[in-house]
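Close look at the chain arrangement
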Amino acid sequence: MILVTGGAGFIGSNFVLDWLAAGQEPVVNLDKLTYAGNLQNLAEVQGNPGHHFVQGDIGDFDLVRGLLEKHRPRALINFAAESHVDRSIHGPEEFIQTNVVGTFQLLEAVRAYFAALDAQEKSRFRFLHVSTDEVYGSLAKDDPAFKESSRYEPNSPYSASKAASDHLVRAYHHTYGLPVVTTNCSNNYGPYHFPEKLIPLMIVNALAGKPLPVYGDGQQVRDWLYVKDHCSAIRRVLESGRLGETYNVGGWNEKPNIEIVHSICAILDQLRPAAGGKSYREQIAYVADRPGHDRRYAIDASKIEQELGWRPAETFESGIRKTVQWYLDHTAWVENVQSGAYRQWIESNYQDREASAPHRSHA
Ligand code: NAD
Ligand code: DAU
């Protein structure tokens, strides 16, 4: 048995689906079901006796302690977090509550559980904390990619809250001997990605004939990794990662945002040509930038590759094509996630931006 937190979100649900499809042990899936958590992501494992879903908060010490005592997992993988940078700018409090206080309470519950395990159970147990490359801050154009030894310099309330959680996880290893490993991954994309993030937002807006809002000059660089590759890296680290270590995970796919948007438009132009022979590129609209927008992230993934033999299976070209196809094939999922609350978010995030954007030619 393993315990997964945040397993109804984007990466967590992909992880749970892959884990169970590979015939691994049962999963207890603890998720608060915030706006980002969606049981439809887990429809494939509905009724599967290996999947036990529990709605609840990682910050609820008694609930987590009870689950640990009842199910006695040999590992806990912590995906649960508030994850969207723009939302952290609009309202940071939830980010502190879940990412910092929630992770602290989770660690406390695990510490109590771990202390009572016998020696053999202790040697087996792992706490794997899923984190982000954003904790390292922003790189200049020619700076070397982030290594595990890079200094933490978070710039948004989101990345600061993730950095705080990473530090707590590290401290629980050094102080209490908790067997932890942390992964710091770059930008994921793929199935079940909530359409508030760049790639799914561009796909769903393009298909709906809406503007494709590119922040600032669109030259910010991110490293992109197909979500299934992130999941395989997590499995590898869980299996063989060294205790107390951190592992950077990335796809060696650095690209400026505008190039990502152009790729999506080109694939859609082929797979779902728009009426009148227009290219989806014509919908691109430059809008006001994100405050404090990090210019560039890049991951040096040599440690996980050399130590654990992990490599991504997808290139950006194969992964983005699969992703666009997935959204074309799952229109019901897309419609369902675009609830009233989703529409309110889109309005509050983009309304002022569009009004204040400089006028530019886009296509
Ligand atoms: P997501 O926002 O899609 O999903 C987060 C999940 O956590 C949701 O199901 C939500 O309901 C749940 N959750 C939120 N608060 C909770 C709480 N207090 N208790 C229990 N459950 C709670 O996020 P994601 O993109 O799947 O990211 C998962 C993890 O991976 C996060 O920790 C994130 O920081 C990290 N990460 C994400 C990316 C990325 O590109 N998306 C990259 C690197 C690391
Ligand atoms: O690097 C890992 C991180 O990647 C994760 O830790 C975060 O949880 C995840 O959300 C992601 O953060 P980003 O801020 O990089 O992702 P997002 O999809 O929000 O934005 C990607 C880039 O695209 C970023 O430079 C901002 C830009 N962008 C985003 C949106 C939503 C736009 O230009 N327009 C948009 O409408």
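Predicted, not measured: the structure shown is a model, and the values here were computed from it. (Residues numbered from 1 in each chain as written. Chains lettered and ligands numbered in written order. Predicted model: local features only at pLDDT ≥ 70, side-chain atom pairs only at ≥ 80, totals over all residues. Heavy atoms only, no water.)

Points about the nonpolar core
Convention followed: For this analysis, a nonpolar core means a set of buried residues of the types Ala, Val, Leu, Ile, Met, Phe, Trp, Tyr and Cys, connected via side-chain atoms within 4.5 Å. Exposure classes here rest on a 1.4 Å probe applied to the protein chains alone. A residue is buried below 20% of its type maximum, exposed above 50%, and partly exposed in between. Should any heavy atoms of two residues lie within 4.5 Å, those residues are counted as being in contact.
Among the nonpolar cores identified, the biggest contains 70 residues, and Phe15, Ile77, Ile199 and Ile304 are the most heavily contacted of them. Discounting residues that sit within four places of it in the chain, Ile77 has contacts with Ile2, Leu3, Val4, Thr5, Phe15, Leu128, Val130, Ile234 and Leu238. Listed in part, the 23 residues of the second largest apolar core include Val64, Leu107, Tyr113 and Val180.

As for the site of ligand 2
Note the threshold: It suffices for a single heavy atom of a residue to lie within 4 Å of a molecule or strand for the residue to be listed as near it. Here a polar contact means two N or O atoms within 3.5 Å. Within protein one must be a hydrogen donor candidate and the other an acceptor candidate, and residues neighboring in sequence count only if both atoms are side-chain atoms. With residues, only the protein chains shown are counted as cover, and all accessible areas are computed by Shrake-Rupley using a 1.4 Å probe. Think of it this way: any DSSP run of H or I at least four residues long counts as a helix, any run of E at least two long counts as a strand, and we number them from the N terminus. Classification convention: Asp, Glu, Lys, Arg as charged; Ala, Val, Leu, Ile, Met, Phe, Trp, Tyr, Cys, Pro as nonpolar; all other residues, Gly among them, as polar.
Among the 25 residues in the neighbourhood of ligand 2, the closest are listed as Asp133, Tyr158, Arg290, His293 and Tyr350. For ligand 2, an oxygen atom lies 2.7 Å from a polar atom in the backbone of Ser83. Coverage of ligand 2 by the protein chains reaches 95% of its 690 Å² of free accessible surface. Sorting the residues of the shell around ligand 2 by element identifies α3 (85-90), α7 (198-207) and β8 (212-215) as the ones contributing at least two each. In terms of residues, the shell around ligand 2 owes the most to one element, β8, which gives three residues. In the shell around ligand 2, the residues fall into 10 nonpolar, eight polar and seven charged.

Details of the site of ligand 1
Taken together, 28 residues lie around ligand 1, and Ile11, Asp31, Ser83, Tyr158 and Lys162 are the ones closest in. One of the side-chain N or O atoms of Ser83 is found 2.7 Å from an oxygen atom in ligand 1. For ligand 1, the protein covers 96% of the area, taking 830 Å² as the surface of the free molecule. Going through the elements one at a time, α1 (10-21), β5 (126-132), α6 (157-176) and β7 (187-189) are the ones with two or more residues in the shell around ligand 1. Looking at the shell around ligand 1 element by element, the count peaks at three residues for β5. Residue classes in the shell around ligand 1 are distributed as 12 nonpolar, 12 polar and four charged.

With respect to the confidence of the model for the protein chain
Formally: Scored from 0 to 100, pLDDT records how confident the predictor is in each individual residue.
Residues with a pLDDT of 70 or more make up 97% of the protein chain, whose mean pLDDT is 96. pLDDT under 50 marks residues 359-363. Its contacts with residues more than four places away, or in other chains, come to nine contacts.

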